[in-house]
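Structural characterization, general
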Amino acid sequence: MSKRIDVSDLNVYYSDFLAVADVSMTIEERSVTALIGPSGCGKSTFLRTLNRMHEVIPGARVEGKAVMDGQDLYASDVDPVEVRRQVGMVFQRPNPFPTMSIAENVLAGVKLNNRRISKGDASDLVESSLQGANLWTEVKDRLDRPGSSLSGGQQQRLCIARAIAVKPDVLLMDEPCSALDPISTLAIEDLMAELKSEYTIVIVTHNMQQAARVSDRTAFFNIAGTGKPGRLIEMDETSTMFSSPNVQATEDYISGRFG
Ligand SMILES: Nc1ncnc2c1ncn2[C@@H]1O[C@H](COP(=O)(O)OP(=O)(O)OP(=O)(O)O)[C@@H](O)[C@H]1O
Ligand SMILES: [Mg+2]
């Protein structure tokens, strides 16, 4: 299930603007990789290239390679819709479909992929996905209530359930806790620690404590100035990045001296 991704020489553009330059990194399977760096350095942009979501913006394009399991995600014969199934995404603001019930929200991605699924299989999948997202016990008696009736932290776990229901290999999370209170944040962090036994997880976070708590490896991105592209400055085991980084800029950022 879980897969590693090898990114090489990736340049990411919005029309003529080079937003992220020259990124090469390996994202290890069954682990959590944190992307950190100051606002505007291209963390979200880079993250979206990993499931071909970047190119849905008019004029947006990518150069270079992102190879998952021997397959370049950008090869001409690769279907971006299939890539987005294999590489799921959870966003900053929980975004359940407001008119759908909790159960329908879990199944939304599966239906989008045009999978035919029996009633019995559907209810099994709803249960297993909600179990996987640590939400089952809280919602099992109200599966037909709207997704929007849940708290913010529950909605975010519902979105994680929706993402894992399609059985992806990789989960991308862009600041998944920034709209949540500390208790819900800890619930999502615990969940990430469980999910990494099955999935490759990449998380963008501005919270240094969170990066230190949840991730195995950390990548620091930085930007030299307005209009300049973001670059990967350094990537290493999280414990090394937070105790003895190689680059001064990493240390300055992590210790809160700038950014
Ligand atoms: N849709 C877009 N069109 C044009 N430029 C964009 C678009 N989205 C982002 N950018 C630009 O790309 C650069 C990187 O933005 P991005 O959102 O990836 O940064 P980020 O590191 O995620 O920042 P933050 O921490 O604030 O979320 C910025 O200069 C931004 O203005
Ligand atoms: Mg961002």
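Above this text you will find the structure in question.
Here we summarise the structure given alongside this text. (Residues numbered from 1 in each chain as written. Chains lettered and ligands numbered in written order. Predicted model: local features only at pLDDT ≥ 70, side-chain atom pairs only at ≥ 80, totals over all residues. Heavy atoms only, no water.)

1. A short note on the pairing of strand β9 (residues 217-223)
Every other side chain in a regular strand lies on the same face of the sheet, so the side chains alternate between the two faces. Extensive coverage of β9 is indicated by the burial of 6 of its 7 residues. Note: strand β3 (residues 32-36) against β9, 4 bridges, orientation parallel. Within β9, the residue paired with A34 across the bridge is T218. As paired elements, β9 and strand β10 (residues 230-237) share 7 bridges and run antiparallel to each other. Along β10, the bridge assignment pairs R217 with E237. Between the end of β9 and the start of β10, which pair antiparallel, lie 6 residues, with G227 showing a positive phi angle near 85°. (Buried < 20%, exposed > 50% of the residue type's maximum accessible area, 1.4 Å probe, protein only. Helix = DSSP H or I, 4+ residues; strand = E, 2+ residues; numbered from the N terminus. Pairing = 2+ DSSP bridges.)

2. Here's the deal with unusual backbone geometry
Only a minority of non-glycine residues have a phi that is not negative, and only a minority of peptide bonds are not trans. Of note in the backbone geometry, R30 takes a positive phi value of approximately 45° without being a glycine. Counting through the fold element by element, R30 comes out in the loop between β2 (17-27) and β3. The exposure class assigned to R30 is partly exposed, which follows from its relative accessible area of 46%.

3. Observations concerning the site of ligand 1
For ligand 1, the set of nearby residues contains 14 residues, the closest of which are S39, G40, K43, S44 and T45. One nitrogen or oxygen atom from the main chain of G40 is found 2.9 Å from an oxygen atom belonging to ligand 1. Measuring from an oxygen atom of ligand 1, one finds a backbone N or O atom of G42 at 3.0 Å. Protein contact buries 64% of the 640 Å² of open area that ligand 1 shows by itself. Listing elements by their share of the shell around ligand 1, those giving two or more residues are β2 and α1 (43-49). Looking at the shell around ligand 1, the element that brings in the most residues is α1, giving 3 residues. Looking at the shell around ligand 1 residue by residue, the classes come out as 6 nonpolar, 6 polar and 2 charged. (Near = heavy atom within 4 Å. Polar contact = N/O pair within 3.5 Å; in protein donor to acceptor, adjacent residues only side chain to side chain. Areas by Shrake-Rupley, 256 points an atom, 1.4 Å probe, with all protein chains shown as cover. Nonpolar A, V, L, I, M, F, W, Y, C, P; charged D, E, K, R; others polar.)

4. Remarks on the layout of surface pockets
As a volume, the largest pocket reaches approximately 540 Å³. Put simply, the parts of the chain that give the lining of the largest pocket at least two residues each are α2 (80-86), β6 (87-90), α3 (102-112) and α6 (152-165). At 4 residues, β6 tops the list of elements feeding residues into the lining of the largest pocket. Among the residues forming the lining of the largest pocket, the class breakdown is 12 nonpolar, 5 polar and 3 charged. In this structure, the second largest pocket occupies an estimated 160 Å³ of space. Looking at the second largest pocket, it is lined by 14 residues, and the ones nearest its centre are S128, G132, I164, E198 and Y199. Counting only elements with at least two residues in the lining of the second largest pocket, the list comes to α4 (119-132), α6 and α7 (182-195). If one sorts the elements of the lining of the second largest pocket by residue count, α4 sits on top with 4 residues. (1 Å grid on protein atoms, 1.4 Å probe; cavity = no way out; pocket = protein on both sides within 12 Å on 5 of 7 lines; lining within 4 Å. Points joined across faces, edges and corners; volume = space filled by probe spheres on them.)

5. Section: the nonpolar core
Within the largest apolar cluster, 43 residues are counted, with the highest numbers of intra-cluster contacts made by L130, I160 and L195. Top contributing element to this core by residue count: α6, with 6 residues. If sequence neighbours within four positions are ignored, L130 has contacts with I102, V106, L135, W136, V139, L143, L158 and A161. Membership of the second largest hydrophobic core comes to 31 residues, among which are V7, I27, V62 and M68. (Core = buried A, V, L, I, M, F, W, Y, C linked by side-chain atoms within 4.5 Å. Contact = heavy atoms within 4.5 Å.)

6. Comments concerning the state of the cysteines
What the rule picks out here adds up to 0 disulfides. Considering cysteine sulfurs only, C177 is the nearest to C41, which forms no disulfide, with 18 Å between them. Cysteine C177 remains unbridged, with the sulfur of C159 as its closest cysteine sulfur at 12 Å. On the basis of relative accessibility, which here comes to 7%, the residue C177 falls in the buried class. (Disulfide = S-S within 2.5 Å.)

7. Brief notes about the packing of aromatic side chains
Under the defined criterion, the tally for this structure stands at 2 aromatic pairs. Measuring from ring centre to ring centre gives 5.4 Å for F46 and F221, while their planes differ by 40°; the resulting arrangement is tilted. With F46 in helix α1 and F221 in strand β9, this pair connects stretches of sequence that are 175 residues apart. With relative accessibility at 0%, the residue F221 sits in the buried group. The cationic tip of R61 hangs over the ring face of Y13; the distance from NZ or CZ to the ring centre is 4.0 Å. (Phe/Tyr/Trp six-rings, centres within 6.5 Å; stacked < 30°, edge-to-face > 60°. Lys NZ or Arg CZ within 6 Å of the ring centre and 35° of its normal.)

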